[in-house]
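Results of the structural survey
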Amino acid sequence: MRPYILAETNWEALKDANFELAILPWGATEAHNYHLPYATDNIQADHLAAESARLAYEKGGKVIVLPTIPFGVNTGQSDIYLDINLNPSTQLAMLSDIVAVLNRQGIYKLLIFNGHGGNNFKPIIRELGLRFPKMFISFCFFPQAFDKTAYFEEKGDHADEMETSLMLYIRPDLVLAKEKWGDGKAKKFKIKAFSEGWVWAERKWSQISEDTGVGNPHKSSGAKGELFFKDITVKMGNMIFELCQADLNDLYE
Ligand SMILES: [Zn+2]
């Protein structure tokens, strides 16, 4: 039983507890190339959040990890079999109920630990911030914590070398044999401004990738995944500890 994981702890341990920070991992259920499980984003968020929280907890951070939300925004993948879409408005409704509980019970810090690129919490956090002025709500997206090119050779953002390497480290039992891996070849918008990143539109996933992957996974390895996992969780653990200690009335310098 890990005392910083809500799903594993109990009323005996929590009846007199007073946490500073709640962490809410948020993933997605979606195809990940041919070879990774639909729960890839959930598994990654689960393991990364738990290990990061452990490091903060062991330093004295009063942190509790809530159960991972398994569905995310998959509006661009409506025709990919059993990709389960949660609309952004549904995410807002769910988050506002969760935040209401934390606010009522005096846990004023929330970190959303995002594991899925289609989830966009910025506008939701802005709106909830107005409704719950005592709450300090933040989110992180772990692939952005480091320059990925220092760890992985191939670029990508879905079932790519990073995700395959992480899964080979965390849950190798759920990764299909290498001969089943698709090459994650993805088409780009013909209009240059979109691939340069200064104009955005949602990609119609089934039209850009045949195997659903974006990014070649073939140079993936468990060793690369392990190195990335360890560096991410140390960095996240430090950030989580700092968040626990932070005085919400004295955030700026
Ligand atoms: Zn993913």
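Below is a short write-up of the structure.

Analysis parameters
- Residues numbered from 1 in each chain as written.
- Predicted model: local features only at pLDDT ≥ 70, side-chain atom pairs only at ≥ 80, totals over all residues.
- Heavy atoms only, no water.
- Helix = DSSP H or I, 4+ residues; strand = E, 2+ residues; numbered from the N terminus.
- Rg over C-alpha atoms; globule rule 2.2 N^0.38 Å.
- Buried < 20%, exposed > 50% of the residue type's maximum accessible area, 1.4 Å probe, protein only.
- Areas by Shrake-Rupley, 256 points an atom, 1.4 Å probe, with all protein chains shown as cover.
- Lys, Arg positive; Asp, Glu negative; His and termini not counted.
- Charge placed at Lys NZ, Arg CZ, Asp CG, Glu CD.
- Contact = heavy atoms within 4.5 Å.
- Salt bridge = Lys/Arg side-chain N within 4 Å of Asp/Glu carboxyl O.
- Donors = N, O, S within 2.8 Å, 3.2 Å for Na, K, Ca; no water.
- Tetrahedral: all angles 85-135°; square planar, octahedral: opposite > 155°, others 65-115°.
- Phe/Tyr/Trp six-rings, centres within 6.5 Å; stacked < 30°, edge-to-face > 60°.

**Looking at the overall build of the protein**
- When its secondary structure is counted, the protein shows eight helices and six strands.
- Ordering the α and β elements of the protein from the N terminus gives α-β-α-β-α-β-α-β-β-α-α-α-β-α.
- Taken over the C-alpha trace, the protein has a radius of gyration of 19 Å; the compact-globule value for 253 residues is 18 Å, and the two agree within 12%.
- With respect to the three principal axes, the spread of C-alpha positions in the protein is 50 × 40 × 35 Å.
- When the 253 residues of the protein are sorted by exposure, 46% land in the buried category.
- Here the protein has roughly 13500 Å² of accessible surface; of this, 55% comes from carbon and sulfur atoms.
- Taking the 27 positively charged and 33 negatively charged side chains of the protein as two groups, their mean positions are separated by 3 Å.

**Examining helix H5 (residues 161-170)**
- Counting buried residues in H5 gives eight out of ten residues, a clear majority hidden from the surface.
- All of the buried residues along H5 are Glu161, Met162, Glu163, Thr164, Ser165, Leu166, Met167 and Ile170.
- On the buried face of H5, the contacting elements are helix H2 (40-58), strand S5 (156-158) and helix H8 (222-245).

**Some remarks on the side chain of Ser52**
- As for its position among the elements, Ser52 is in helix H2.
- Judged by relative accessible area, Ser52 falls into the buried class, the value being 0%.
- Setting aside residues up to four positions removed in sequence, Ser52 forms contacts with Phe113, Thr233, Met236, Gly237 and Ile240.

**Notes on the pattern of salt bridges**
- Going through the model one piece at a time under the given rule, you end up with 14 salt bridges.
- We note a salt bridge from Glu58 to Arg54, for which the minimum N-O separation is 2.9 Å. A residue pair is termed a helical-turn pair when its members lie 3 or 4 positions apart in one helix, as Glu58 and Arg54 do in helix H2 at four residues.
- The partly exposed category is assigned to Arg54, whose relative accessible area is 25%.
- Between Lys219 and Glu153 there is a salt bridge, with the nearest N and O atoms lying 3.7 Å from each other.

**Details of the coordination of the zinc ion**
- Distances from the zinc ion to its protein donors, His32 (NE2), Asp41 (OD), Glu163 (OE) and Glu163 (OE), fall at 1.9 to 2.7 Å.
- Taken together, the four donor atoms coordinating the zinc ion span angles of 52 to 144 degrees at the metal, a pattern that classifies the geometry as irregular.
- Assessed through its relative accessible area of 0%, His32 is described here as buried.

**Let's talk about the packing of aromatic side chains**
- Under the defined criterion, the tally for this structure stands at ten aromatic pairs.
- Centre to centre, the rings of Tyr151 and Phe152 are 6.2 Å apart; their planes meet at 35 degrees, and the pair counts as tilted. Pair check on accessibility: Tyr151 and Phe152 agree, each one buried.
- Judged by centre distance (4.6 Å) and plane angle (35 degrees), the ring pair of Phe189 and Phe194 falls under tilted.
- Overall, the relative accessible area of 35% leaves Phe189 in the partly exposed class.

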